[in-house]
Each structure stands twice: as structure tokens, then as C-alpha cells.
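Examination of the molecular architecture
Letter by letter, the chains look like this.
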Amino acid sequence: MLEARQLPGHALAELANLFVDVIKGGSLTNGKSLELFSTVLTALASSKENLAYGKGNPHQLLLCSLSSFPLESTPKTFAFSGELNGEEFKKQLINTLCSSKWDPRCVIHLANMFRDIPLSGEELQFVVEKVLRMFSKLDLQEIPPLVYQLLLLSAKGSKKTVLEGIISFFNQLDKRQKEEQRVPQSVDLEVATMPLDQLRHVEGTVILHIVSVINLDQDLGEELIRHLKAEQQKDPGRGLCPFSVALLLSVAVKHRLQEQIFDFLKTSITRSCKDLQFLRASKFLQDLFPQQHDITAVILEVVKNSAFGWDHVTQGLVDLGFSLMESYEPKKPFGGKAADNSYGLSKMPAQQACRLGASILLETFKVHEPIRSDILEQVLNRILTKAASPVSHFIDLLSNIVVSAPLVLQTSSSKVTETFDNLSFLPIDTVQGLLRAVQPLLKVSMSVRDSLILVLQKAIFSRQLDARKAAVAGFLLLLRNFKVLGSLSSSQSSQAIGATQVQADVHACYNSAANEAFCLEILGSLRRCLSQQADVRLMLYEGFYDVLRRNSQLASSIMETLLSQIKQYYLPQPDLLPPLKLEGCIMAQGDQIFLQEPLAHLLCCIQHCLAWYKSTVRLCQGAEDEEEEEEEGVGFEQNFEEMLESVTRRMIKSELEDFELDKSADFSLSSGVGVKNNIYAIQVMGICEVLIEYNFNIGNFSKNKFEDVLGLFTCYNKLSEILREKAGKNKSALSNKTARSFLSMGFVSTLLTALFRDNAQSHEESLAVLRSSTEFLRYAVSVALQKVQQLEETGQTDGPDGQNPEKMFQNLCKITQVLLWRYTSIPTVVEESGKKKGKSISLLCLEGLLRIFNTVQQLYSARIPQFLQALDITDGDAEETDINVTEKAAFQIRQFQRSLVNQLSSAEDDFNAKETQSLITVLSTLSKLLDPASQQFLQFLTWTVKVCKENALEDISCCKGLLSLLFSVHALYKSPVGLLRELAQDIHACLGDIDQDIEVEGRCHFAVVNAKTAAPTVCLLVLGQVDKVLEEVDWLIKKLTSLGSDTSEDSSQASNQTQALEKGVILQLGTLLTVYHELVQTALPSGSCVDTLLRSLSKTYGILTSLIKHYIQACRSSSNTIPGRLEKLVKLSGSHLTPQCYSFITYVQNIHSESLSFVEEKKKKKKDDDAAAVSTVMAKVLRETKPIPNLIFAIEQYEKFLIHLSKKSKVNLMQYMKLSTSRDFRINASVLDSALQERSLEDAENEPHNDQVRIHLAAFTDRLPPL
């Protein structure tokens, strides 16, 4: 080897040929001899001798040696005689070697050999492609060392080819593996490729090799990012596959590249979410892109794959998860409450990205044990440090982490206890969420529980109100979850345990015996809170009921506590009015009045606890209880019953004057007396509601009890009317806010069912008492509406079971049944004939149904089949698996369709615009449940089109709702461009032509387009929908551009897709041009319609320009001629749009000239008037004419690139375009001189006005482009 460089050239050539023959023959046994081969080739390259090689033309040989064969090419041999110098001889040898067949056993040795040989760029490319072709012929275990040799070879160049080949190879293997898993029988038909675990371990090793080489060669990392960005633009499925994402995350550990990689991944994720959202809303796009790449599924697959020992990927996954959660966290509006939609569905791309981050972290936590403590620590740190921002997404993640492994978390309990030390400084919502999340951990870790108790005991004596509220929340949580011996099980107390609770209690051996003293101690601490602020007491009253249900043995202590508390305000004298001391509920500090005791909440708590105690504990105790306990229970139960009976009787007798409340009282919030009266009124109304629920529940359909209920409602209603009347006078947003009802959701569903659906003969007489009051019926439906609204906005309601999703769903189903029956049985027209004031009950029912349908889709999307099943009374016994959502939804839709048709066909006096609008919104909401491919969906679309065509709606809001429904449904069936053209023709026919001498053909497709709705309502809706279509076309053109730059081997498929996209784009734009053709000839009124149309035209010309640029690029890269349909599109734009645009511009200028002349005339009549009127009109003119120069510039840019395309394609496209003189904005000098002379003759006091107008005119002229 050392002497090889000294050998003469012909000897080196013979040696080299010998090596080539050995390699071609497959007789190379080891790579040691290749070290000599590399030395020989290096020496040949530096040889100056002319060496003989074969027979033939050496120049032809040289050209062939520099060419790269396709990946599938077969080896070619050349036979010719001639002489080559050493460098050319080496090139020919490499060409011959790479064109021949290699033994798979020697590929690694050959790749290693080429590292030591000086190679030109073409030679290196040829070698790299040959090695990549050999991947498929090697055993899987031999791939990692070969990849490593290839990466080292890439230091010479061809980095992109190396990375692309490696990623593409493993991407294909992953796809094949998925296919085999999807169709297991295929393994029997073919030879099984490889075991899954073997493939994953090989991929992990290859990723490690690539990362180690990138650590040495930073340029390789930069090339990786550049390559994947380019591939992502062309084909997301090929660019970001599980292997490439895992590779990126492993490289991201290097700090220098982390920011670039995470930015790229986050951009790709949000773009993928936006594209999917875009596709779901358009059938036109779905047909062009039947399969769309979802990068979120790819990233979650990486987490799943990382279980096969990919420890180098885990840190990147964790960092990416937290980066996504922080970058796309819920935003807090300025000065308002954080927008927390954690209970609903994530539909926006940012929300989906945030959820993906949480899923990455949760799945990584489950799969990788070593990194669990790090994830937990980071989550807890963010909950503490981001207290001012929304942290619900981090709390939800923590809750899921604790549920997935509460026992494992005991090892990290110190981190949780450190977090508890900061509870006093966190907002109460964050504290409650955090404690709920870690609650399963409290059951399995004594140390965590004990540290929490210490923190809470300190906080309960804190000066900070939030700290004391946090302490109350924590103690209530402990009372709910640590049962005293003998407490009822959750099944006995009808308590559904949520997903965040652990069923098994590891420490049951000591819990049952020791928890009683522990819980009683906590209750003693909580009793001290009953002397604190109203907010603290309120938390206690709202929490005691849940504690009772979960810990029934504490009933006696809790009920005694409540009894002693209510006795402070209860007046036992039977004839004393009112029965409660309201003055003790308020506190004065200087001039300010505060609520000290939320008496209505206290009474509400007593009522619910007593009802639960009577219905559950008493029934379960039976004869097993000791007599002493029985007597004690009967004692406080009897006290409460007598007290509530007495309060009920005296509240009915009481007049408003007894509470110092009447119509003459001051209710303004600006004075202390007004604040006090407002507090009194809200407390009295709350007490009445609590007593209404109590008496209805214990009444057992007794006529006397229902009369008491009506008497209590009379008191409530009087106060409600006074407050409503006073609020109307004050016009204050705060005073107009309706007080939240004290009725529970369960009771509301029971009450509505009794009032509207109870047909039992024995109940008829008693229910007639309540049914006789229309006000009471309206009140019951209004409360139901308020409860549903609260559920929709916060995900829960006040009162028992308010945080239990299952109970809320059941109550929603019951309420919906009643409201649906009531609305469809009694039409609004019949009801309104006898209505005095306020909304009709039917209209309230409709509003409630609308809110319920929205709430169910938002909160209970997975249970929509069960919801629809509950509404269908005729099919109540069907199995859940047989539920067809489309059929059930179509049945409900038909009911509302009938109601809408009745409204539209009613007389003008009976037409109710509010109800019609609500019906349209309900139909729009329910239509989302229909399958767009179903026959029911097509029937609904046909019906919607028919309604729009046959009904001349003149109400603006109803027209807007109906057309919006039509557009949204039509887009899911096919592109709405044809529909838009017909609507544009109707608008043109309604408003007339810009040329008054032209009479427009009186065609009418849609009766909904009429003189009252055509402008601006329908016009703006049409332009809004046109903009959506333009967005789709613009998106498609960008896809076209990326496909045009794709030079991959699968060019035929890309070409077919390109042709399909081009056809779709041109057809869409062609129909849109006919829409604009109608609108630019329409005599639109000045204002929003003109402004929107001008901007939309500019956007259209911009998109036409983008399309022309695409064809210019296509002509550069290939010799393809432009398609005939593009010529037709250009011809259409030249004949049907551009000339009309210039005419429309002239029309707009004439409108504004007339308005300026009118102002001038008016100003001359009022000479003493100032310049304000002129300034206002001029500002409006400038604002409304601002889009004109932009439009003209867009037209000229379009024509400019048409000229370029004409030159490239040799097709004269400009023959269809006509230059217009409307662009001549030069000022006529003679007219200007005469105008100035006239102005000089006017009075001096008018000169400032004239100068101002002249300046505005000059400014306006300057804004327009020159000829």
C-alpha cells in the first residue's frame, strides 16, 4: 500500500481493473483489501500518464461517466479503445463500478472506501445514489452501519440526497409495516418483512447516528431543516413522517437548532389544523383532496414508537409539548376573565395545537418512566408561575397525569407538597382545580395529605381573603374524600364518582377508624369561617351538600352547624313579619354597604341537605341506628321542618313594606340606601325561590302546598317587576343583569315536566293551581333557559349535581323533551293572542331549545346519539348501537321546518321576526348533525333553496340568517359559485344598472332578494361568500405552485393532480367572473357595498395574477403549452370584467361628485356655517374611493404578467384585453381655470371653505395613479 503511489500508471490501471472485476464478480470477502483499492484510485487520479482503456470513443466514455443513472437503471457497459488521463480513467472506473451489481455483503466496505477517494460532485452523487439503492437489498440490521458510513461520506457533499434517501427509505418501511398490521392476512401471502420491534430499534439506532454526525457537522443539521421545509411545502405526507419527526426532535436537543426546529414544527402543526378545518367546510376541496395529511397523528405515533428505547427522542417530545401548550394557551382578554374552554370541544387550530401538546406530554409520561418527575415538576411550576394567566390546560394535564399513575406519583410527592406551600398566593379557581387534580394522590399518600392539612390550617387564619377561600376549598375536598366509618357508599348516595377519583382506597385500614376525628376537627375549623366574609360563607354553603352525600356520617354535625347558623336570623314568634332578620345580613363600613350573610344561600343549603337526609339517610338507617342517634336526627329534622313551614307561611303573608321594599324605595347603586335595598331584594327573591322548591318537593301534589308555591311566587314576582322597572330607568349594565336563580337544575326539569307533561288524573286539580298562572309558567321556562345558558358558558350549574356531567346530561334530555313538546304543541300565534307583556312561553321554549342544541354539541358531542334517542319518544326501546344520528336529527329538523313554513306563510300582522330568526338558527345548528353524503342532507338543502326562492322575506336579520344557512349547507354539497351567480343576477335586477338607459331583464331566481334586502344585506352576504371561494382558490394556487416545484420520480401522479387542480381553479374563477360581471353593472348605493366590492375585485385580480405567474413558471420548467380553458378565462376577464370595472369606477366617482355638489349648494345657502360639514363629506369621499387606485394597480399588474405569459407561451393573450381611457385622471386646465375664477368672486368668509375643498380635491387626485 505504501509503495502503490510509486507504481507506473499502467500498473495502477491493471490493479484497478482487477479490483473492479472482483467486486463485479461478488468474490470480495472482506474490506481490508479495499484500502489498497482506494489508494490505487487516488494515485490514478493524480497520474498524468495517458492510459489505454477498452475500445471506442473516449469522449463518449467521459460523457457517460459524468451522467447519473436513474435509481431503477440497469448497468451499462461500453466497449471502445482509446487513451484517457488518470482523472478520466478514475471516473470511468467509478462509473463502471456503480453501474454494476454489488454483493450486499460488501456494500458497507465500499461506502467506507469511497470516503478516502477524492470525488467530484457528479461522482459523489452517483456513488450516493448507488448506496441508497442498495438499502432495500440489505438485511435490516446492516442498515445502521451503512447509514453511518453514508453520513460520513456526505461531508464531501450531496447532504440533501443522503438525508432524503434515508428518510424516504424508512418512511416506506413504516407504511409497509402499517399495511401489514391493517391487513394481517397479507403476511401469509408474502414473505413477512420484519418484526415491528426490530424495525423500531433499527430506526432508533439510525437516528442516533444522524444526531452524532450532526454534532460534528452543523451544516448537515441545517440541510435537514431546509430539506424538510421544502418537502413539507410539496407533500406534507412525505416531508413529515414519524421517522423524520423523531429525527427532528432528537436533533432539537442541540440548543442552536432547537428554536428553528420547534418553529418549523409548530408552524406545520397549525397549518395542518387550518387545512383540515378548511377542507371540512368545503365539498369542492374535499373532492380535490380526498386524503389529507394530519401531522398531529404523526407526532402521537412518534410518542408511541419512542417506547422502543428511543430515549434520545423523549426530551424533544417533552420540550415540544410544553412549547405547544405555552404558545397556544387560552388567552385572557384585557380586563376580563380568562377565556377557558377546557370543558368544550377544541375547534380552533390554536386550541387543537394546545391539546396536542397536552396529549404529547401525557402519552410521554405514560410511556417513559425516567422522565415522569421532570414532566410533573414542569407542570407544577407553570401552574404556580402563570397564576395571572389561564392555567386550566395545565391543570387538566396534571389531573390526567395523576389519574394515569397515582401510586407512581408517590415518589414525586415532595414536588406536590412544595406546590401546596404556595396555595395561599394562587387565585381561588386555580386552587380548586389543583386540589381536584391531586385528590387521588391524597388517598394513597399520607405525607401529601398531612402537608396539605398544615398549609390549609395556616391559610384559614390568613389576612388575605383568597387564602381563606383556598383553605375552605381544601377542607371541603378532604371532607368529601375521607369517609367516616359507616358512611354510605357512593352507590347508596347516588353519587357518580368522576374520572379524577380513584376507586380503591389503599389506606382503608386506618381511614375508617381514624377519619371521624380527623373530619370533625376539620368541621371545627370550618365553623370559624361562618363568622367571616360572605364569599367564605358562600363557599361553605355550596360545599356542605356534596360533603353530606359523600360522607353521610357527618350529617348530624353539619345539620347542627346549619341549624345554629340559621337561628341567628330566624324570628320564632309565629305572627312576626317578616320571619327573618335581614338587617343582620348586611354590614356597613363608612358609606359602603356589604353583604355579610348570604341568607338565601344558607337557606338553600339547608333545604337541599334536609331533602337528601330525609330521602337517603333515614331510609338506610332503619332499625340499625341507636335510639339516641335517632332522637338526635329527628330533633334537627323536626326543627328545620317547623322553621321552613313557619317561614313559608309568614313570607306569603308579608308585604313588600315589611321588608322596607316597595315601588317608592331607592334601588340605585350610587347610594348606600339603594345598595342595601338591592341586597335585601335579592335575598328575599332567593328565599322565595328556595321555599318554592322546598314546598313543591314535600307537597306530594297537594293543592294547598301548590297554593303556597304560587303565593311565594307572587312575592318573588312583585320584587322582580320592581327591580326590572328600576333597572330600565337606570340604564346601567350592572343593574340590568338578572339575578341568578336559586332553583336547582334537577328541580327545574321536574317542575317543567309536571307543568307541561303530567297527565295523571290525581295530579290534575293541584297542578291546575300552578298552570292557571301564565307568569309562573313563563318564570319556570325562563329559569330553565338561564340554567342552560350557565351550563353552556361554564360547563356546570349551581346547586346539587351541578358539577356532575351525567346528571346534567339527564336533566338536559328531560328539559328538552318538555320544551320541544310545548313549542310544537302550542303555536306562538295562538299564545300571543292573549299575551299581555313579556316574551311568549313558546318563544322562550324555542330560545331554550336553541341553547340546548348548542350546549349538547359543545359539551356532550360523544353522547349526541343518546340525546336524540331521548327526544324520540316513539322509539324509546331501541338499542344504543342502532341509533342513526342523521335519521334522528332529520326527524327533529322536520318539526322545525314545519314551524318555519307556518311562520313564513302567516299573515303580515302575525309574522314574528324574532321567532323566525331563532327557527333558522335552530335549523342551522341541527343541520351540522346530518351526514353531508346522506339523502336527508340533500333533502334539507333542496328545501332550503326552495324556501329562499319562494319567500320574499323583508326582515333583514331573517334574510341574513336564511342565506347564511343556505351558503353553509350548499358548500358541504358542492361549490356555491353557481348559486352566487343567480343571486348576483337578482341583485342586478332589483337595483338596476349603472347606466340608467339600460333596462335590466326582470328575472328573479330568489324571492328573498327584494328591494329591502338586496343592498346592503344580500350584496354583502354574496361578497362575503365570494371571498371564501377566493380563499379556497388562492389556497389551491399555492398547492399548485408547490406541486409544480416537485421534481420527484412520481411525476405522472403529480401531473394528473396538477391538471385536476388547474381545472378546478379555472372553473371557479370563470364562474366568479360572471358574478362580478353582474355586480359591477349594478347601481349599488354608496357605502359598504361599493367599498367591499372594490376590495373584492382587487383581491380577484391579485389571484388571477398568481394563476398567470404559475403558468409562467410552468412554461419555464417545461415546454407545455397553456391549456385552452386558461385562454377562455383570460378572454372572459377581458370582455366581461375589466371594461365593466372601469365603468363602475366612473359610476362611483359620479356618485361622490354629486354628494360633493350637494354639500357645496348647502354651504352656499348657510354662509355662516363652519367647514365641519364639508370636512365630513370629503373624509367620507376619500375613505370610500381609497380602494380605486389599488384596483387599477391590480388590473395593470394582471395585464403586465399576461404580456409575460404571452411571450413565454407564444400565444397572444393580450388580444382579449382592451385598454380603457377611464384611467386618465389628468385635470382639464380650462375647466380648472374657470372654476378658480368663479371662486375668487365669492365672499372672503367663504374662502377657507373653498381652499379646504380645493386641498381635498388635490389630495384625492394625487392618490390616483397617473396615466
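Just so it is clear, the structure is predicted and the values come from calculations on it, not from any experiment. Along each chain, the written sequence defines residue order, and numbers are assigned to residues from 1. Whole-chain, interface and lining totals are the exception, using all residues; otherwise, since this is a predicted model, local features are given only for residues with pLDDT of at least 70 and side-chain atom pairs are given and counted only at 80 or more. Side-chain numbers come from the whole structure's heavy atoms, not from hydrogens or water.

**Regarding the overall build of the protein**
Scanning the protein for helices and strands turns up 52 helices and 4 strands. Any residue under 20% of the maximum accessible area for its type is buried, any over 50% is exposed, and the rest in between are partly exposed; the area is computed with a 1.4 Å probe on protein chains only. Residue burial in the protein is summarised as follows: out of 1267 residues, 52% are buried. In this description, contact between two residues means that some pair of their heavy atoms is separated by no more than 4.5 Å. A separation threshold of at least 6 residues defines the contact pool for the protein, and within that pool the share at least 24 residues apart is 77%. Values of accessible area rely on a 1.4 Å probe in the Shrake-Rupley scheme; residue burial ignores everything except the protein chains shown. Working note: accessible area of the protein is about 57,700 Å², and carbon and sulfur atoms make up 51% of it. Comment: elements are numbered from the N terminus, with helices defined as DSSP H or I runs of at least four residues and strands as E runs of at least two.

**A closer look at the packing of aromatic side chains**
Ring pairs are drawn from Phe, Tyr and Trp, using the six-membered ring of Trp, whenever the two centres fall within 6.5 Å, and their geometry is named by plane angle: stacked under 30 degrees, edge-to-face over 60, tilted for the rest. Under the defined criterion, the tally for this structure stands at 22 aromatic pairs. Pairing Phe701 with Phe706 gives two aromatic rings, centres 5.8 Å apart and planes at 65°, and the pair type is edge-to-face. By relative accessible area, Phe701 is classed as partly exposed at 25%. By relative accessible area, Phe706 is classed as buried at 1%. Taken together, Phe135, Phe169, Phe170 and Phe243 form an aromatic cluster joined through their ring pairs.

**So, the state of the cysteines**
Only a pair of cysteine sulfur atoms within 2.5 Å counts as a disulfide in this structure description. Tallied over the entire structure, the rule returns 0 disulfides. Cys605 provides the cysteine sulfur closest to Cys609, a residue in no disulfide bond, and the two sulfurs are 3.9 Å apart. A relative accessible area of 0% places Cys609 in the buried class. Not part of a disulfide, Cys715 finds its nearest cysteine sulfur in Cys688, a span of 3.7 Å. Cys715 gets classed as buried once you look at its relative accessible area, which sits at 8%.

**Section: the pattern of salt bridges**
Salt bridges are defined by distance alone: a side-chain nitrogen of Lys or Arg within 4 Å of a carboxyl oxygen of Asp or Glu. Summed over all chains, the structure comprises 27 salt bridges. With its nearest N and O atoms 2.9 Å apart, the salt bridge here joins Arg226 to Glu223. Here Arg226 pairs with Glu223, and both are found in helix α11 (residues 218-234), just 3 residues apart, close to one helical turn. A relative accessible area of 49% means that Arg226 is categorised as partly exposed. Using a relative accessible area of 16% as the deciding quantity, one classes Glu223 as buried. A salt bridge links Lys1039 to Asp275; the nearest nitrogen and oxygen atoms lie 4.0 Å apart. Taken together, the residues span a long stretch of sequence, with Lys1039 in helix α44 (residues 1014-1044) and Asp275 in helix α14 (residues 255-280) at a distance of 764 residues. An identical accessibility class is assigned to Lys1039 and Asp275; each is buried.

**Brief notes about the pairing of strand β3 (residues 586-589)**
Remember that side chains alternate between the two faces of the sheet whenever the strand is regular. For two strands to count as paired, DSSP must find a minimum of two bridges between them. Bridge count between β3 and strand β4 (residues 592-595): 4 bridges; the pairing is antiparallel. Paired with Gln589 across the bridge in β4 is Gln592. If you look at the hairpin formed by β3 and β4, you'll find 2 residues sitting between the two strands, and Gly590 has a positive phi there, around 70°.

**Here we look at empty space enclosed by the protein**
For each structure, a 1 Å grid was placed over the protein atoms alone; sets of points admitting a 1.4 Å probe that cannot get out are labelled cavities, open sets with protein on both sides within 12 Å along at least five of seven lines are labelled pockets, and lining residues have an atom within 4 Å of a point. Grid points are joined across faces, edges and corners, and a volume is the space filled by probe spheres set on the points. Across all of its chains, the model carries 2 cavities of 30 Å³ or more by this definition. Together, Ile682, Met685, Gly686, Glu689, Tyr716, Ala739, Arg740, Ser741 and Phe742 line the largest cavity. Among the elements that make up the lining of the largest cavity, the one with the highest residue count is helix α30 (residues 672-699) (4 residues). Basically, the charged four are Asp, Glu, Lys and Arg, the nonpolar ten are Ala, Val, Leu, Ile, Met, Phe, Trp, Tyr, Cys and Pro, and anything else, Gly included, counts as polar. In terms of residue class, the lining of the largest cavity is built from 5 nonpolar, 2 polar and 2 charged. In this structure, the second largest cavity encloses a volume near 40 Å³.

**Details of the side chain of Thr1082**
Inspection of the secondary structure puts Thr1082 in the loop between α45 (1051-1079) and α46 (1088-1117). Classification of Thr1082 by relative accessible area gives buried; the value is 0%. In terms of polar contacts, Thr1082 uses its side chain to reach the backbone carbonyl oxygen of Glu1078, at 2.7 Å. Setting aside chain neighbours within four positions, we find Thr1082 in contact with Ile987, His988, Leu991, Gly992, Ile994, Phe1144 and Tyr1147. Think of a polar contact as two N or O atoms within 3.5 Å of one another; within protein, one of them needs to be a possible hydrogen donor and the other a possible acceptor, and neighboring residues in sequence only count if both atoms come from side chains.

**Section: the confidence of the model for the protein**
The predictor rates its confidence in each residue with pLDDT, a number between 0 and 100. With 77% of its residues at a pLDDT of 70 or more, the protein shows a mean pLDDT of 80. Within the model, pLDDT remains below 50 along residues 1252-1267, and this stretch shows 29 contacts once partners closer than five positions in the same chain are excluded.

**Quick word on helix α27 (residues 555-567)**
In this scheme, a helix's expected span is set at 1.5 Å multiplied by one less than its residue total. Taking 1.5 Å of rise per residue, the 13 residues of α27 would be expected to cover 18 Å, and the 18 Å separating its terminal C-alpha atoms lies within 8% of that figure. Turning to α27, its buried residues are Ala555, Ser557, Ile558, Met559, Thr561, Leu562, Leu563, Gln565 and Ile566.

**Here's the deal with unusual backbone geometry**
Following Leu577, the chain continues into Pro578 via a peptide bond in cis, with omega recorded as -5°. Here the residue pair Ala1015 and Pro1016 is connected by a cis peptide bond, since its omega of 0° sits within 30 degrees of zero. Of note, Pro1016 is situated in helix α44. Here Glu660, not a glycine, exhibits a phi torsion of approximately 60°, which is positive. Residue placement: Glu660 occurs in the loop between α29 (627-653) and α30.

**Let's talk about the environment of Phe243**
By secondary structure assignment, the location of Phe243 is in helix α13 (residues 242-251). Taking the relative accessible area as the measure of exposure, Phe243 reaches 0% and is therefore buried. For the pair Phe243 and Phe169, spaced 74 residues apart in sequence, the C-alpha separation works out to 9.8 Å. With near-sequence residues (within four places) excluded, Phe243 lies in contact with Ile166, Ile167, Phe170, Asp174, Glu203, Val206, Ile207 and Ile210.

**Focus on the packing of helix α32 (residues 745-757) against helix α33 (residues 764-771)**
A pair of packed helices can be characterised by two numbers: the angle between their axes and the separation between those axes. In this description, a line fitted to the C-alpha atoms serves as the axis of each element, helices being fitted only across the stretch in contact, and the angle between N-to-C directions of two axes falls anywhere from 0 to 180 degrees. Contact pair α32 / α33: the axes reach a minimum separation of 9 Å and the direction vectors enclose 105°. By the angle between their directions, the pair α32 and α33 is classed as roughly perpendicular. In contact with Ala754, Leu755 and Phe756 of α32, α33 contributes Leu767, Leu770 and Arg771. Taken together, the residues that form the contact of α32 with α33 break down as 5 nonpolar, no polar and 1 charged. Put simply, angles under 35 degrees are roughly parallel, angles over 145 are roughly antiparallel, angles from 65 to 115 are roughly perpendicular, and the rest are oblique.

**A few points about helix α38 (residues 864-871)**
Counting buried residues along α38, 6 of its 8 residues qualify, which places the element largely inside the surrounding structure. Those residues of α38 that fall on the buried side of the exposure criterion are Ile864, Pro865, Phe867, Leu868, Gln869 and Leu871. The inward-facing, buried residues of α38 contact α35 (805-825), α37 (841-859) and α39 (885-905).

**Examining the side chain of Gln897**
Its place among the elements puts Gln897 in helix α39. Ignoring anything within four residues of it in the chain, the contact list for Gln897 reads Leu923, Phe940 and Trp943.

**Some details on the packing of helix α42 (residues 956-971) against helix α43 (residues 977-991)**
Running from amino to carboxyl end, α42 crosses α43 at an angle of 155°, the nearest separation of the two axes being 10 Å. Taken together, the axis directions place α42 and α43 in an arrangement best described as roughly antiparallel. Contacts between α42 and α43 pair Leu963, Leu966, Phe967 and His970 from the former with Leu979, Leu980 and Leu983 from the latter. In the contact of α42 with α43, the residues fall into 6 nonpolar, 1 polar and no charged.

**Focus on the environment of Tyr1142**
Residue placement: Tyr1142 occurs in helix α48 (residues 1138-1165). Taking the relative accessible area as the measure of exposure, Tyr1142 reaches 2% and is therefore buried.

**Quick look at the environment of Phe867**
As for its placement among the helices and strands, Phe867 is situated in helix α38. Relative accessible area serves as the criterion here: at 2%, Phe867 is assigned to the buried category. Separated by 54 residues in the primary sequence, Phe867 and Cys813 have C-alpha atoms spaced 6.3 Å apart. With residues near it in sequence (within four places) discarded, Phe867 still touches Phe809, Cys813, Thr816, Ile852, Phe853 and Val856.

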